[in-house]
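Examining the three-dimensional arrangement
Residues per chain are reported as follows:
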Amino acid sequence: MSIGMSDRRAFMVGGMLAGVMGGFAGPAVAARRAAFFDRTGLPIGLQMYTLGQDVARNLDAAFTAVAALGYRDIELPHLFGKPVADVAAAARRAGLTISSLHLPAGNWGPTALSFDDSPQKIADNVLALGARHVVLPLAPLPQKFAVRPGETPGGAISRSLRAGGADVWKGVAAYLNERASALKPMGVTVGYHNHNVEFAPIGDVTGWDILVEQCDRALVDFEIDIGWVTSAGLDPVAFLRPLRGRVSRMHVKDVAATTRANFDLSMDPAEVGSGKLDWASILPAAYKAGIRHFYVEQEPPFKIPVMDAVRIAHDYLKALRA
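Here goes a summary of the coordinates provided. (Residues numbered from 1 in each chain as written. Predicted model: local features only at pLDDT ≥ 70, side-chain atom pairs only at ≥ 80, totals over all residues. Heavy atoms only, no water.)

1. Looking at the overall build of the chain
The cut-off we apply is this: In this description a helix means any DSSP run of H or I spanning at least four residues, a strand means any run of E spanning at least two, and both kinds are numbered starting from the N terminus. The buried label goes to any residue with under 20% of its type's maximum accessible area, the exposed label to any with over 50%, and the partly exposed label to all in between, with areas taken from a 1.4 Å probe on protein chains only. Between two residues, a contact is recorded if the distance between any of their heavy atoms is within 4.5 Å. Computed with the Shrake-Rupley method and a 1.4 Å probe, the accessible areas treat only the protein chains shown as cover for residues.
In terms of helices and strands, the chain carries 13 helices and 12 strands. Expressed as a percentage of the 322 residues in the chain, the buried residues total 48%. In the chain, of all internal contacts separated by at least 6 residues, the share reaching a separation of at least 24 is 74%. Counting every atom, the chain has about 15,300 Å² of accessible surface; 58% of that belongs to carbon and sulfur.

2. Things to note about the environment of G164
Within the secondary structure, G164 is located in the loop between α7 (153–163) and α8 (166–183). Taking the relative accessible area as the measure of exposure, G164 reaches 31% and is therefore partly exposed. It is 9.9 Å that separates the C-alpha atoms of G164 and I202, two residues lying 38 residues apart in sequence.

3. Focus on the pairing of strand β4 (residues 133–136)
Inclusion rule: In this scheme, strands are said to pair when DSSP sees at least two bridges between them.
Taking every second residue as pointing to the same face, both faces of β4 are buried, with H133 and V135 on one and V134 and L136 on the other. Taken together, the 2 bridges between strand β3 (residues 97–102) and β4 define a ladder with parallel strand orientation. Counterpart to L101 in the pairing with β4 is V134. Relative to strand β5 (residues 189–193), β4 runs parallel, the two being bridged by 4 bridges. Opposite H133, over in β5, you have T189 as the bridge partner.

Functional significance is not addressed by these values, which are geometric in nature.
Here it is as structure tokens:
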């Protein structure tokens, strides 16, 4: 087939443009092809809730096993009924950094730590762990909360919170603002962790809408549990886009394709990388939004031993190019 002069000129110009554009695109393409956690220099973290009650039986064994898998950054669901000094020392011996702690609201007994404790007590304990961030893991439940016959605990929590309507979430925002204002001068920051009940409609808005609007952006940030976002029927990347500057942490949680959209704290869990979430798209979107701590977390029940699930998640994320 012969090529005319005009065709040859167009071909040459096109080739030169492609070369020039390739020069600009090359570093970006190369960066995207690099493993996400190598490229960003961030550690792969673990929310220790994933391991269940075994952690409390032997802190040293649990922390050492987690570190042996390659994890370096951890978030605690609570203090496991142990003195804070013991938790901090066990993490230090294993080479783990505790960067965040979940704190419930309410009175949980003399040895537990709660968001309702004095700011000084909270700060003393959190800073002793080496952390500087605390997270409210769920909206406070009504005092008369109870699971009705035939209900799941998640369904009962959802029913209870939804019954309160918008006032529940306005109250949560005010509570977070007050606590964060008191803790910030002490060097401790405050966040809120979502489930999927926050996304249930309340008229024309949701509880999540109210939290984002009424939480003081200078005081309160959000820890995004992307598994619960997905289980509410939302697209993770689109969800993260408008939250730039409002988020600092993520629970890297996968869900099986069988998970139905709901607001009742229900999901079909999967090991990270084996579910339906597109992590190659989600992780860069999360990083762009401001997230710098990525904690693997998986809900029970487990189809394989929990430590195998945690290992699979770490190895998948370590190799992921995004």
